[in-house]
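Take a look at the letters that make up each chain.
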Amino acid sequence: MIDDNKKYVIAPLEKKHDKHEFNCGIDPLNQYLKTQASQDVKKNVAVTYVLTTTTSEKILGYYTLSSMGIFPGELPDELIRRLPRYPVLPGILLGRLAIDNNCQGIGMGQYLLIDALKRSFQVSNQIGIVAVIVDAKNDKAVKFYEHFGFIKLPEKGHRLFLPISTIQKLDLL
């Protein structure tokens, strides 16, 4: 369980954050944070949100959000029937979500995911978004997202989605 005595902060990645010791056990996720995340932020490709405490800038976890186009043919028929017939639909990509090895198994992943879904829902009130899409890194990550209602996209391996209408019903705000 998350330590209730600590005050956690989720904020956009800044230079002050200590990303060099971060290790989630998945090298591409470690390397992204250490070498690419700041560049993606500067180029407006993705925004990286980091989890720290009020007393430390050490990164305990992070996730990224960016916009994306969703081809309707990738979505299940029951969802497509309820959407307008556009060649590409707007979505949010939860591109990466990772927790440092020292913080795994205590609810930090859920904490970050809920924050990402809240932010996505807030954006959907300002611009059109039909779903949050996630590219899970492995089968364990797929199970994590499925636990929170994400649905695997047909024939897309580890890609899952959660309709904004479902997020709205979660009452996260």
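The shown structure was predicted, so the numbers you read here are calculated from the model rather than taken from an experiment.

What counts as what
- Residues numbered from 1 in each chain as written.
- Predicted model: local features only at pLDDT ≥ 70, side-chain atom pairs only at ≥ 80, totals over all residues.
- Heavy atoms only, no water.
- Helix = DSSP H or I, 4+ residues; strand = E, 2+ residues; numbered from the N terminus.
- Rg over C-alpha atoms; globule rule 2.2 N^0.38 Å.
- Buried < 20%, exposed > 50% of the residue type's maximum accessible area, 1.4 Å probe, protein only.
- Contact = heavy atoms within 4.5 Å.
- Lys, Arg positive; Asp, Glu negative; His and termini not counted.
- Charge placed at Lys NZ, Arg CZ, Asp CG, Glu CD.
- Pairing = 2+ DSSP bridges.
- Axes fitted to C-alpha atoms, helices over the stretch in contact; angles between N-to-C directions.

*Asks:* Quick question: what am I supposed to make of the overall build of the chain here?
*Replies:* For the chain, the count of helices and strands is five helices and seven strands. Reading the secondary structure of the chain in the N-to-C direction produces β-α-β-β-α-β-α-β-α-β-β-α. Taking 16 Å as the expected radius of gyration for a compact globule of 173 residues, we find that the chain reaches 16 Å, a close match to that expectation. Along the first, second and third principal axes, the C-alpha atoms of the chain reach 50 × 35 × 30 Å. Counting across all 173 residues of the chain, residues that qualify as buried make up 45%. Summarising the internal contacts of the chain: among those between residues at least 6 apart in sequence, 65% fall at separations of at least 24. Separation between the mean location of the 22 positive side-chain charges and that of the 18 negative ones in the chain comes to 3 Å.

*Asks:* Explain the sheet that holds strand β3 (residues 56-70) to me, please; I cannot follow it from the model alone.
*Replies:* What holds strands together in a sheet is hydrogen bonding between their backbones, with the strands either parallel or antiparallel. A sheet is described by the order of its strands in space; here seven strands give the open sequence β1-β2-β3-β4-β5-β7-β6, paired in mixed fashion. Strands with a single pairing partner mark the edges of an open sheet, and in this sheet they are β1 (8-12) and β6 (151-152). Pairing between β1 and strand β2 (residues 47-53): five bridges, direction antiparallel. Looking across to β2, one finds that alanine 11 is bridged to valine 50. Across the sheet, helix α3 (residues 108-124) touches β1, β2, β3, β4 (89-99), β5 (131-135) and β7 (159-163), and the angle it forms with β4 is around 160 degrees.

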